[in-house]
Amino acid sequence: QVQLVESGGGLVQPGGSLRLSCAASGRTFSSYTMGWFRQAPGKEREFVAAIIWSGGSTDYADSVKGRFTISRDNAKNTVYLQMNSLKPEDTAVYYCAADRGTPLLVVAEYEYDYWGQGTQVTVSS
């Protein structure tokens, strides 16, 4: 079993930055594909970014490309989401997720096996 705990959310002005962290328990973290998803009020949860076990390959939703960066530190069992040039439409609860079943990039929500509790990000002036 893997437990994921997100942190780093908060209130930020448009154009600002935040870095989300997701700390994972378990000794097999380094073998998992990790992803970030978000859910805005009244909307379905959507894919944001993913990173393979080595950190050597990443994928992003079109809406965040060039502004967000996903990374991981396997020694610390942590995955990060650096968010720059934030917009009001980035406001959502952000979730990290782990997929134990593949070494490949995964964007489909149903593929992920473990989920964190989420952290709120609010972009507003």
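Right above here is the structure, for reference.
Residues numbered from 1 in each chain as written. Predicted model: local features only at pLDDT ≥ 70, side-chain atom pairs only at ≥ 80, totals over all residues. Heavy atoms only, no water.

Colleague: Can you walk me through the overall build of the protein chain in this structure?
Modeller: Scanning the protein chain from N- to C-terminus turns up zero helices and 11 strands. In sequence order, the protein chain lays out its α and β elements as β-β-β-β-β-β-β-β-β-β-β. A compact globule built from 125 residues should have a C-alpha radius of gyration of about 14 Å, and the protein chain, at 13 Å, falls within 12% of that. The dimensions of the protein chain, computed from C-alpha atoms along their principal axes, are 40 × 25 × 25 Å. Put simply, the protein chain has 125 residues, and 45% of those count as buried. Put simply, 59% of the contacts in the protein chain that link residues at least 6 apart link residues at least 24 apart. Just so you have it, the protein chain exposes about 6300 Å², and 47% of that area is on carbon and sulfur atoms. Side chains of the protein chain carry 11 positive and 12 negative charges; the gap between the two charge centres is 6 Å. (Helix = DSSP H or I, 4+ residues; strand = E, 2+ residues; numbered from the N terminus. Rg over C-alpha atoms; globule rule 2.2 N^0.38 Å. Buried < 20%, exposed > 50% of the residue type's maximum accessible area, 1.4 Å probe, protein only. Contact = heavy atoms within 4.5 Å. Areas by Shrake-Rupley, 256 points an atom, 1.4 Å probe, with all protein chains shown as cover. Lys, Arg positive; Asp, Glu negative; His and termini not counted. Charge placed at Lys NZ, Arg CZ, Asp CG, Glu CD.)

Colleague: Can you walk me through the state of the cysteines in this structure?
Modeller: Any covalent bond linking the sulfur atoms of two cysteines counts as a disulfide. This model, assessed by the stated rule, comprises one disulfide. Across the disulfide, Cys-22 is cross-linked to Cys-96 (sulfur-sulfur distance 1.9 Å). When the S-S torsion is 40 degrees, as for the bridge of Cys-22 with Cys-96, the disulfide is right-handed. Highlighted residues: Cys-22 in strand β3 (residues 18-24) and Cys-96 in strand β9 (residues 92-99), separated in sequence by 74 residues. The buried category is assigned to Cys-22, whose relative accessible area is 0%. (Disulfide = S-S within 2.5 Å.)

Colleague: Got a minute to help me understand the sheet that holds β3 in this structure?
Modeller: Strands belonging to one sheet form pairs held by backbone hydrogen bonds; the direction of such a pair is parallel or antiparallel. Sheet architecture is open: four strands sit in the order β1-β3-β8-β7, paired in antiparallel fashion. Two strands in the sheet have a free side with no partner beyond their single neighbour: β1 (4-7) and β7 (68-73). Between one strand axis and the next, the sheet turns through 15 degrees on average, direction left out of account. Here β1 pairs with β3 via four bridges, running antiparallel. Note on β3: the bridge partner recorded for Ser-7 is Ser-21. (Pairing = 2+ DSSP bridges. Axes fitted to C-alpha atoms, helices over the stretch in contact; angles between N-to-C directions.)

Colleague: How do you make sense of the pattern of salt bridges when you look at a structure like this?
Modeller: Two side chains carrying opposite charge are able to pair once their charged atoms lie near each other. Applying the stated criterion to the full structure yields five salt bridges. Between Arg-38 and Glu-46 there is a salt bridge whose closest N-O contact spans 2.7 Å. We classify Arg-38 as buried; its relative accessible area is 5%. With its nearest N and O atoms 2.8 Å apart, the salt bridge here joins Arg-45 to Glu-109. Placement of Arg-45 in the loop between β4 (33-39) and β5 (46-51) and of Glu-109 in the loop between β9 and β10 (114-115) is noted, with a sequence separation of 64 residues between them. Given the relative accessible area of 30%, Glu-109 is considered partly exposed. (Salt bridge = Lys/Arg side-chain N within 4 Å of Asp/Glu carboxyl O.)

Colleague: I keep staring at the side chain of Arg-72 and nothing clicks. Help me out?
Modeller: Along the chain, Arg-72 falls in strand β7. Despite its burial, Arg-72 remains without a salt bridge, the nearest opposite charge being carried by Asp-73 at 8.3 Å. Among the polar contacts made by the side chain of Arg-72, one reaches the main-chain carbonyl oxygen of Phe-29 at a distance of 2.9 Å. At 2.8 Å, the side chain of Arg-72 forms a polar contact with the side chain of Asn-74. (Polar contact = N/O pair within 3.5 Å; in protein donor to acceptor, adjacent residues only side chain to side chain.)

Colleague: Honestly, the side chain of Glu-6 in this entry has me stumped. Any pointers?
Modeller: Looking at where Glu-6 falls in the secondary structure, it is placed in strand β1. Summary of buried charges: Glu-6 has no salt-bridge partner, and the nearest side chain of opposite charge, Arg-45, is 7.5 Å away. Side-chain polar atoms of Glu-6 contact the backbone nitrogen of Cys-96, separated by 2.8 Å. Here Glu-6 is in contact with Ser-21, Cys-22, Trp-36, Tyr-94, Tyr-95, Cys-96, Gly-116, Gln-117, Gly-118 and Thr-119, once residues within four sequence places are set aside.

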